[in-house]
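For reference, the chains in residue letters:
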Amino acid sequence: MSERGRTTRDQDGPEGHIPSATEGRTASAAVTEAVTDVVSEETATAAAAAPVPPPAARRSVGLLVTLVLGGLTAVPPLSMDMYLPALPEVTDALHASAATVQLTLTACLAGMALGQLVVGPMSDKWGRRRPLIVGLLLYVVATAVCAFAPTIELLVAFRLLQGLAGAAGIVIARAVVRDLYDGVDMARFFSTLMLISGVAPIIAPLIGGQVLRITDWRGVFYILTAIGVVLTAVVWRMLPETLAPEHRHSGGTVEALHTMRGLLADRVFTGYMLTGGFAFAALFAYISASPFVIQEIYGASPQTYSILFGVNSIGLVAVGQINGKILVGRVSLDKVLAVGLGIITAASAALLLMSSGVFGEVGLVPIAVGLFVLMSAMTLCMPNTNALALMRTRHAAGSASALLGTSSFLVGALATPLVGIAGEHTAVPMAVVQLACSLVAVGCFVGLCRPWRRQADAKGGGPPARAQPRVGEES
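Residues numbered from 1 in each chain as written. Predicted model: local features only at pLDDT ≥ 70, side-chain atom pairs only at ≥ 80, totals over all residues. Heavy atoms only, no water.

Let us now look at the packing of helix H12 (residues 267-297) against helix H15 (residues 364-377). Contact geometry of H12 with H15 gives a least axis separation of 11 Å together with a crossing angle of 160 degrees. For the element pair H12 / H15, the angle class is roughly antiparallel. Classified by chirality, the crossing of H15 by H12 is left-handed. In contact with Ala282, Leu283, Tyr286 and Ile294 of H12, H15 contributes Leu364, Leu371, Leu374 and Met375. Split by residue class, the contact of H12 with H15 holds eight nonpolar, no polar and no charged. (Axes fitted to C-alpha atoms, helices over the stretch in contact; angles between N-to-C directions. Helix = DSSP H or I, 4+ residues; strand = E, 2+ residues; numbered from the N terminus. Parallel < 35°, antiparallel > 145°, perpendicular 65-115°, else oblique. Left-handed = near helix turned anticlockwise from the far one by under 90°. Contact = heavy atoms within 4.5 Å. Nonpolar A, V, L, I, M, F, W, Y, C, P; charged D, E, K, R; others polar.)

Written out as structure tokens, the structure is:
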């Protein structure tokens, strides 16, 4: 099979080996290489004669790419979180039940999940820029239609289309990171993206709450449309192509499916994919249920809810920076991931005990503290599962990124209706879903990833490392 159709580790060596920062490319060198690829594709002769950009120019290009990728990863929290304070108002305005209105979140999530399966392989075949720009244009159109939806059914339908189009930003941003970085550098960059994209969930519900002071829920979609237009223009002008023509796939759907099958046959890749997916589902159970839990059960205003959500997002960003700046490179990513899963599971169990009345009547503050701990610990899980999974593939980063995103959003979409199954007057379903998803994530990590076995192999305590697996070969 050709090199394009392989699932590969970053370097030959024991399973789970994480290259050090010195083994990976530096950020500036990686971005310079990406820009050189674009130049050589258009004018090979001129590129060969062109001098190497000075260090300052390389740093500015690197910062630019970082900001653009951060904006792309901010699309999902913007699409979701700005809309959250308006959920009770949508329920009244469109004469729908809470469970039906929550389907607008489910539809957007499902669209983002399915869209990644299409866009990921497309980006491996045609490069990153073209599928991304088309997806952003469709996102703008779908979001504008949502603003004028007269019925809940039409709103659900176009939220699905909005998710399908918005998937381009999610999957291609991860693929671009894989194009530019290796090993620990990749894990650090994912944590940097958490800092940038983490601003979105902080300000999004605050903006949404303030929008509701001056207009109705439709104003949220007007703002999202404007954001989509600006992001499309920035990507068009400033994001270079990072996938060189010689690294693109020439096959069609059959080859893409074959590549994905090979990725799923890698037990460890699948383990990290499912671990991250179920951890994300625990987070999304909070996202979809918290507007009703905080506002309807505990009587908080939309503005108070927005402030609490923003505080939780600050915790998410802060812990993400601890992960990227302090832990990565000093502590095994698997160990950090294990600690994060343990904290999420403990916080979910505490929320279930509090919401079910084991400790008697509890107020908003204890529930808010439990949700803060759960959300903050997510950044010990999500960047590291992405990095650990993508380290096992180099020549199919788009397809691998699509599988990672699709699993997360599909599991999250399935969890969303369950949190409202008992109505708007109890937080027990939310806590049950969170705990169940956390326990499944722990089971996938222990049962499929088996990090202790890979560490033993790396120390010489296991069998010799095998050659890099090809598609369809289980590791």
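Phi at His95 is positive, roughly 55 degrees, even though this residue is not glycine. By the element assignment, His95 lies in the loop between helix H5 (87-93) and helix H6 (98-126). Overall, the relative accessible area of 75% leaves His95 in the exposed class. In the Ramachandran plot, Arg450 falls in the positive-phi region, its phi being about 45 degrees despite a non-glycine side chain. Among the structural elements, Arg450 can be located in the loop between helix H18 (428-449) and helix H19 (451-458). (Buried < 20%, exposed > 50% of the residue type's maximum accessible area, 1.4 Å probe, protein only.)

This part is about the packing of aromatic side chains. Tallied over the full model, the rule gives four aromatic pairs. When the ring of Phe148 is compared with that of Tyr222, the centres are 5.8 Å apart and the planes differ by 55 degrees; the resulting orientation is tilted. Taken together, the residues Phe148 in the loop between helix H7 (129-147) and helix H8 (152-180) and Tyr222 in helix H10 (residues 218-238) connect sequence positions 74 residues apart. A relative accessible area of 41% places Tyr222 in the partly exposed class. When the ring of Trp217 is compared with that of Phe221, the centres are 6.1 Å apart and the planes differ by 90 degrees; the resulting orientation is edge-to-face. As far as the burial class goes, Trp217 and Phe221 line up, both buried. Taken together, the aromatic side chains of Tyr83, Trp217 and Phe221 make up a single cluster linked through ring pairs. Residue placement shows Arg159 over the ring face of Tyr83; its charged tip is 4.5 Å from the ring centre. (Phe/Tyr/Trp six-rings, centres within 6.5 Å; stacked < 30°, edge-to-face > 60°. Lys NZ or Arg CZ within 6 Å of the ring centre and 35° of its normal.)

Together, Leu206, Ile307, Val311, Val339, Ile343, Val365, Val369, Phe372 and Val373 make up a nonpolar patch on the protein surface, roughly 710 Å² of accessible area in all. The dominant element in the nonpolar patch, judged by the number of residues it contributes, is H15, at four residues. Along the chain, Val369 falls in helix H15. The partly exposed category is assigned to Val369, whose relative accessible area is 48%. (Patch = residues over 30% accessible without salt bridge, like charges linked within 9 Å, V, L, I, M, F, W, Y side chains within 5 Å. Areas by Shrake-Rupley, 256 points an atom, 1.4 Å probe, with all protein chains shown as cover. Salt bridge = Lys/Arg side-chain N within 4 Å of Asp/Glu carboxyl O.)

It is worth spelling out the nonpolar core at this point. Residues Leu69, Val90, Leu155 and Val235 are the most contacted members of the largest nonpolar core, which totals 124 residues. Here this core takes 17 residues from H12, the largest share from any one element. Excluding residues that lie within four positions of it along the chain, Val90 makes contacts with Tyr83, His95, Val101, Ile152, Leu155 and Trp217. (Core = buried A, V, L, I, M, F, W, Y, C linked by side-chain atoms within 4.5 Å.)

The next subject is H8. For H8, which comprises 29 residues, the first-to-last C-alpha distance of 42 Å matches the rise-based estimate of 42 Å (1.5 Å per residue) to within 8%. Of all the bends found along H8, the most pronounced is centred on Gly166 and spans about 30 degrees. (Expected span 1.5 Å × (residues − 1). Bend = angle between axes of the 7 residues up to and from the residue.)

In the contact formed by helix H16 (residues 382-390) and helix H17 (residues 397-419), the axes pass within 10 Å of each other and the chain directions differ by 145 degrees. Relative to H17, the crossing made by H16 is right-handed. Where H16 approaches H17, its residues Met382, Asn386, Ala389 and Leu390 are matched on the opposing element by Ala397, Ala400, Ser401, Leu404 and Ser408. Broken down by class, the residue content of the contact of H16 with H17 amounts to six nonpolar, three polar and no charged.

Bringing the pattern of salt bridges into the picture now. The final tally for this structure, using the stated rule, is three salt bridges. For Arg128, the salt bridge identified is with Asp179, shortest N-O distance 2.8 Å. On the criterion of sequence distance, the pair formed by Arg128 in the loop between H6 and H7 and Asp179 in helix H8 is long-range, its members being 51 residues apart. Looking at Arg128, the relative accessible area reads 2%, which means it is buried. One salt bridge connects Arg392 with Asp266, and the closest N-O pair in it is separated by 2.8 Å. Separated by 126 residues along the polypeptide, Arg392 in the loop between H16 and H17 and Asp266 in the loop between helix H11 (253-265) and H12 bring together distant segments of the chain. There is no split in this pair, since Arg392 and Asp266 are both buried.

Purely geometric stuff here, so don't read any function into it on its own.
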